[in-house]
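Listed here are the chains, written in short residue letters.
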Amino acid sequence: MERVQFKVNGKQCSVGCEVDSDTTLLDYLRETLKLCGTKYMCLEGGCGACMITATKNNKDVPQAINSCLVSVTSCQEWDIKTIEFIGNRLKGYHPLQKVLADCHGSQCGYCTPGWIMAMYSLLQTKKPTMLEIENSFGSNICRCTGYRPILQAFKKFASDAHNSYEISDIEDLKICDKSGDVCSRSNCSELDWCMVSKNDILNEILHIELSDKRHWYRVHTLSDVFGIWHEKGTESYMLVAGNTGKGVYPILEYPNLLIDVTGISELKGFYVDQNLVIGAGNTLTDVMKIFKTVSATEYFNYLIGLNDHLQLVAHLAVRNLATIAGNLILKNQHPEFKSDIFIILETVGAQITIMTAIGQSETLTLQNFLKEDMKGKIIMNVLLPPLNESHKIVTFKIMPRAQNAHAIVNAGFLYKINENQNQVISCRIVYGGLSAKFNRSWKTERYLVGKSLFLNETLQDALEILENEIIVTENLPDPPVQSRKIIALGLFYKGLISLCPSTVLHPRYRSGTVKLHEKRPVSEGQQVFDTNPILWPLSKAIPKLDALIQCAGESEYTDDIQALSGEVYAAFVLTTVALGTIEKIDPSEALKEPGVIAFYSASDIPGVNSFTPPVNEFYLCNEELLCNGEVKFYNQPLGIIVAKSQKIANKATTLVKVSYSNVRNPVYDIKFAKNDPSKVTLLDSRDATMRGNDISKIIKGDNTVYGQYHFAMETLLCLTRPTEEGLQLFVTTQWIDTVQQVISRMLEIGHQRIDIYVRRLGGSFGLKMSRASQVAAACALVAYKLNRPCRFINTLSTNMRAVGKRLPCSTNFEIGVNNKGVIQYMNYELYSDNGYVLNEPFLNMTFESFTNCYRTDSWNYKAFNGLTDTPSNTWCRSPGSLEKIAMAELIMEQISYELNQDPIEVRLANLDPIFRDDINEILKTIKVNSDYAERLVSVEKFNSNNRWKKRGLRFSFLKWAPFGYPHLNIEGAFIMGVGYWTSENLVVDGQTGELLTNRTWDYWVPQARDIPQDFRIYFREKSFSRELIFGAKGTGEPATCMGIAVPIAMRQAVSAARLESGVPSTNWFPIDGPYTVDKIALSCATRIEDFKFY
Ligand SMILES: Cc1cc2nc3c(=O)[nH]c(=O)nc-3n(C[C@H](O)[C@H](O)[C@H](O)COP(=O)(O)OP(=O)(O)OC[C@H]3O[C@@H](n4cnc5c(N)ncnc54)[C@H](O)[C@@H]3O)c2cc1C
Ligand code: FES
Ligand code: FES
């Protein structure tokens, strides 16, 4: 029987016919080897929780790998290390683990093993600089720490760190084949280290019939592939290279033939004849090494620029797997895919060779490749042409965050010019992200030939042609057409000014050539706070007690609890309409699927169909566990599929057929719902007690902010076991008694028969308050009905689709102000979006904070609870207060802009006198610590000297009651606020109400390179609270609210840009929701005629 052989932590392992086509390395580690230190969340290469280190064959270097992406059958010859190997309580902890723990780099700890493994892998090959370290973590997300402590810990290992840590065991670490321990190799022969299998030595095809009847082949030659196709046909196959394509286009079911092509040497390596010929099976990491090597060769210097672009493709660990051929095939199959590989290759006029049959190959341009039916064909290699100095090349990728995000728009420009006269001999203008149909600007290219390139007239004419030529189509959740269009035109200009001789380019335009993210230096961070040794351990910064075991993957989370025999897995079936009546649910197709055990719907619930606590002053009504007829929102849970594995359960949920009647379009946006009286109810109002008469201006406006997904690294999950008394549950909840109440009521069994346990949580941020009981109740229902243990794990997508989030909020206001911005009167309405039902009414809780820290006497305030056809919104760091504080701050900003007044003065003029002394003192301290006065001058100077780059410097004020004390959550909370205001965009299909951004592929939380470059936190000196004890958690919340400082500073920069377009800064402009790249691009009001060289 043929088997795939590999090593894990020094131990020989093998897999064969017992595994499925979709068994990943992650599954194998966690389920077969019980190595649960490796965590997971997204299962698509987007979060980094599953990181391991692998040496793919004896000659390779160890690399960071996302184990969720790799099929376990792809691991032939791999030498794999997991977090358990790096250090543990028996053999001692690794310096990386100790330092990360000491530096407070592990909070909930769920992401931590992934970070350690990413850093461990990095250190295997070289001693990186601080900047290289900081740049290497596009692969990993941490929602708790705000990254600063993690980066600070890892930078201690940098080559340029002060007193850099040496790790003696990193280099040359070898594990004995026999013992599995570290080995000095003194008693071993070299042969002991050879892991090459018999198949590989003899170049035999390895063939395994997998347990789901798919065929797995590991081949060694291209002819092998054709041989298999000849015998088995090409109807249903996949050439498995990195298997990362599924991170872009998820694979629900693998085809019948899976041919592992990673062992084909003809697809590897490179050579230079006239062209640079690169094997299409090289990984992107290999390609980067090849580019670096060959860039020293005459005519290939341009590869340096392409290499820079590759740094922005996915992240380091994905690049270690993903191949150039895999990427190009995705583009061939999905022309809308914003492939960066296509962009850079098409820009330089690369061609590819495809093999169509044994002994037959064809060379194609990339344009022809896109039209080619690639069925039964193999991409062999890519040919990059030699280009002399007369070829000027630039490529760009506009991303929603600094790293690991696909392009919003990407582009490449090549101009072959006559050096003396700058006349265009030929050119190539390539775009991605505009539409599936459009990737080359042929007309503009034709126009430019023969023109003098760096003339304003040429530029303007070319822009006009380009503007008419480019085809941009709507493709949700991509940003709107207009914004992608202006970005595309802007990139054309940016490309030209990047190439324009400095003698021609006006100095004001130079900053337009800067690639902001790539040029950003290493970040720094600092926390300054009082500590009094007399009080220690109170006020002493001490590492979290669990930190070390978290860093070693030894800490147990709910899903790490081992399966019991007979355990079943469950998943929700979700509605596919937002509003309508369920006529019929037909689970028969799903039940026919091998491995599916049962289906339950609302009618199977013996007691109350609800997962929210019995009605009380905070839970005003029951929320259905499973939809019982009338659908309330798109993707509402309506049933539960039970199967023998989680993957089968997830897949089978899509096979349940549901018919609906009376389907209607939803109202999902509070900005519109607030105008519908049936959707809003007045909660409370507060009348002003004074009205001033000194009115020099009346300002009317409205602002809207939207939801935020919690993005806890551990999703909602539950494990339930029938016991002799009733049920035992392990739930990811922060609210144990609610879970017990809900299940008792639902199953009609006494509370005393339900035992609830909670392991440590992998983050929550409010997600695991009330919403955890939905999964827990569903899990309990299954265990109760089947009398079998059940595991219920919400996928990231289900978590995002079916569960409520931060409450969106919308305001309307009319303000009369005097010429200093002092509010004389204000009519203010605030609408809070509760989702489909009014439960957890945060507006009621936070009514008092509606003016933030400003005077209340002149505000006529009305607060409305609003409803939309969306999931019931819930706790999320600072629910209610964040919106109110932000809305008040935006009003202060609008007053200051419209009156052209200093925003700090406007705030101080409107301040509630109770806070005057405190705020003034804090303001003074921050001004001194931040060199505010000098910065202000330099921002103004910078903005007047630079046309295409602008800066903003802004304060925001914040009243928080009760005041908290220092807690490490502050940075993480602030960064969550930054994400909320910049990149975390929830895009909903306007017709159906479906949430389209429901994966890591398109919902972007901040990463390590998105944090402030200079991240300083000062705690107020000698501050004291009678209400709270030291270390109270409350401090996570105000820091999230402080995130509003970021968009209002961005607004200032945008305002400076608008001024250049002739829009006075006194013209307020609306930006609802996060200040995403596309909204900024549109708000800048850039005039195409301002694109100039001089
Ligand atoms: C988290 C993440 C982020 C990403 N970010 C980016 C990004 O920013 N920019 C970008 O451009 N891409 C990005 N990608 C896409 C990534 O580059 C592709 O997933 C990758 O290149 C596919 O390569 P693979 O080797 O894994 O292909 P696989 O997934 O193994 O295969 C993909 C397809 O290619 C076919 N195939 C493989 N080899 C050959 C061959 N030699 N000949 C013919 N067919 C073949 C297979 O049959 C299959 O249909 C990202 C992916 C992930 C997971
Ligand atoms: S689980 Fe593998 S990257 Fe998220
Ligand atoms: S510590 Fe990183 S996600 Fe919690």
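Rules used in this analysis
Each chain has its residues counted from 1, following the order in which its sequence is written. The order in which chains are written sets their letters, starting at A; the order in which ligands are written sets their numbers, starting at 1. The model is predicted, so local features are restricted to residues of pLDDT at least 70 and side-chain atom pairs to those at 80 or more, both for listing and for counting; the totals for chains, interfaces and linings are taken over all residues. Working from all heavy atoms in the structure, the side-chain values ignore hydrogens and water. UniProt positions are given in the numbering used here, feature names are shortened, and annotations may be inferred rather than shown by experiment. Strands here mean DSSP runs of E at least two residues long; helices mean DSSP runs of H or I at least four residues long; both are numbered from the N terminus. A simple rule labels every residue: compare its accessible area, found with a 1.4 Å probe on the protein chains alone, to the largest value its type can have, and call it buried under 20%, exposed over 50%, or partly exposed in between. In what follows, a contact means two residues having at least one pair of non-hydrogen atoms within 4.5 Å. Only the stretch in contact is used when a helix axis is fitted, and all axes are lines through C-alpha atoms; the angle between N-to-C directions ranges over 0 to 180 degrees. The scheme is simple: roughly parallel for angles under 35 degrees, roughly antiparallel for over 145, roughly perpendicular for 65 to 115, oblique for anything else. We call a crossing left-handed when the near helix sits turned anticlockwise from the far one by less than a right angle, and right-handed when that turn is clockwise. Polarity classes work like this: nonpolar for Ala, Val, Leu, Ile, Met, Phe, Trp, Tyr, Cys and Pro, charged for Asp, Glu, Lys and Arg, and polar for all others, with Gly in that last group. For two strands to be treated as a pair, DSSP must find no fewer than two bridges joining them. Any carboxyl oxygen of Asp or Glu that lies within 4 Å of a side-chain nitrogen of Lys or Arg is treated as forming a salt bridge with it. Consider each residue's heavy atoms; a residue with any of them within 4 Å of a molecule or strand counts as near. N or O atoms closer than or at 3.5 Å make up a polar contact, with two conditions inside protein: a donor-capable atom paired with an acceptor-capable one, and, for residues adjacent in sequence, both atoms drawn from side chains. A 1.4 Å probe and the Shrake-Rupley method give the accessible areas. Residues count as covered only by the protein chains that appear here.

Per an unreviewed UniProt entry, the protein is named Xanthine dehydrogenase-like, and its organism is Vanessa tameamea. According to the UniProt record, the Subcellular location (unreviewed entry) comment for the protein is "Peroxisome". Turning to the protein, the UniProt annotation filed under Sequence similarities (unreviewed entry) states: "Belongs to the xanthine dehydrogenase family."

### Remarks on the overall build of the protein
Along the protein, the regular secondary structure elements total 34 helices and 35 strands. Based on the C-alpha atoms only, the size of the protein along its principal axes is roughly 90 × 90 × 70 Å. The burial tally for the protein puts 60% of its 1094 residues in the buried class. Across the protein, contacts joining residues at least 24 apart in sequence account for 75% of those joining residues at least 6 apart.

### With respect to the UniProt feature "domain: FAD-binding PCMH-type" (unreviewed entry) in the protein
The positions that UniProt labels "domain: FAD-binding PCMH-type" (unreviewed entry) are, in the present scheme, residues 209–389. Secondary structure within residues 209–389 divides into 32% helix and 22% strand; the distance between the first and last C-alpha atoms comes to 54 Å.

### Focus: the packing of helix H10 (residues 303–310) against helix H13 (residues 340–347)
Their axes nearest at 10 Å, the elements H10 and H13 cross at an angle of 170°. Considering the angle they form, H10 stands roughly antiparallel to H13. Read as a crossing pair, H10 and H13 show a hand that is right-handed. Judged by residue contacts, Leu306, His309 and Leu310 of H10 engage Asp340, Ile341, Ile343 and Ile344 from H13. Looking at the contact of H10 with H13 residue by residue, the classes come out as 5 nonpolar, 1 polar and 1 charged.

### Quick look at the sheet that holds strand S25 (residues 657–664)
Sheet architecture is open: 3 strands sit in the order S23-S21-S25, paired in antiparallel fashion. Lying at the two open borders of the sheet, with one neighbouring strand each, are strand S23 (630–631) and S25. Two strands pair when backbone bridges link them, and strand S21 (residues 579–586) and S25 are joined in this way by 6 bridges, in the antiparallel orientation. In the strand pairing of S25, threonine 581 is matched with serine 661.

### Focus: the pattern of salt bridges
By the definition in use, this model includes 53 salt bridges. Across the salt bridge formed by glutamate 253 and arginine 214, the nearest N and O atoms sit 3.1 Å from each other. Here the residue glutamate 253 occupies a position in the loop between strand S8 (237–240) and strand S9 (257–260), and arginine 214 occupies one in the loop between strand S6 (206–209) and strand S7 (215–218), the gap between them amounting to 39 residues. Among the salt bridges present, the one from arginine 806 reaches glutamate 883, with a minimum N-O distance of 3.9 Å. Of the two residues, arginine 806 sits in the loop between helix H25 (796–802) and strand S32 (809–817) while glutamate 883 sits in helix H27 (residues 881–899), which places them 77 residues apart along the sequence. Neither arginine 806 nor glutamate 883 differs from the other in exposure class; each is buried.

### Some details on the sheet that holds strand S4 (residues 63–66)
One open sheet holds the 5 strands; their spatial order is S2-S1-S5-S3-S4, and the pairing between them is mixed. Sheet topology places strand S2 (11–15) and S4 at the edges, where each strand pairs with a single neighbour. Each strand axis lies, on average, 40° off the axis of its neighbour in the sheet, ignoring direction. Where strand S1 (residues 4–8) and strand S5 (residues 79–81) come together, 2 bridges link them in parallel fashion. By the bridge assignment, lysine 7 is partnered in S5 with aspartate 79. Across the sheet, helix H1 (residues 25–32) touches S1, S2, strand S3 (51–55) and S5, and the angle it forms with S2 is around 115°. Along the sheet, helix H4 (residues 112–125) makes contact with S3, S4 and S5, crossing S3 at roughly 30°.

### Points about helix H3 (residues 95–102)
Leu96, Gln97, Val99, Leu100 and Ala101 are the residues of H3 that are buried. Where the residues of H3 are buried, they touch helix H2 (83–86), H4, helix H6 (148–155) and helix H19 (547–551). Histidine 104 occupies a position one or two residues after H3 and carries a positive phi of about 65°.

### Digging into the pairing of S32
Burial within S32 is extensive, with 7 of its 9 residues counted as buried. Where strand S27 (residues 697–705) lies against S32, 9 bridges are found, and the strand directions are antiparallel. Residue pairing across strands places lysine 697 opposite valine 817, the latter belonging to S32. Pairing analysis gives 9 bridges linking S32 to strand S33 (residues 823–833), with the strands arranged antiparallel. Residue pairing in the sheet places threonine 811 in a bridge with leucine 830 of S33. Following S32, the chain reverses through 5 residues before pairing antiparallel with S33; glycine 821 in that reversal takes a positive phi of roughly 90°.

### A closer look at the site of ligand 1
Taken together, 34 residues lie near ligand 1, and Thr244, Gly245, Thr323, Asp340 and Lys397 sit nearest. Contacts to ligand 1 include asparagine 243, whose backbone N or O atom sits 2.8 Å from an oxygen atom. Here threonine 323 contributes a side-chain N or O atom positioned 2.7 Å from an oxygen atom of ligand 1. Relative to its free-state accessible area of 980 Å², ligand 1 is covered by the protein chains to the extent of 96%.

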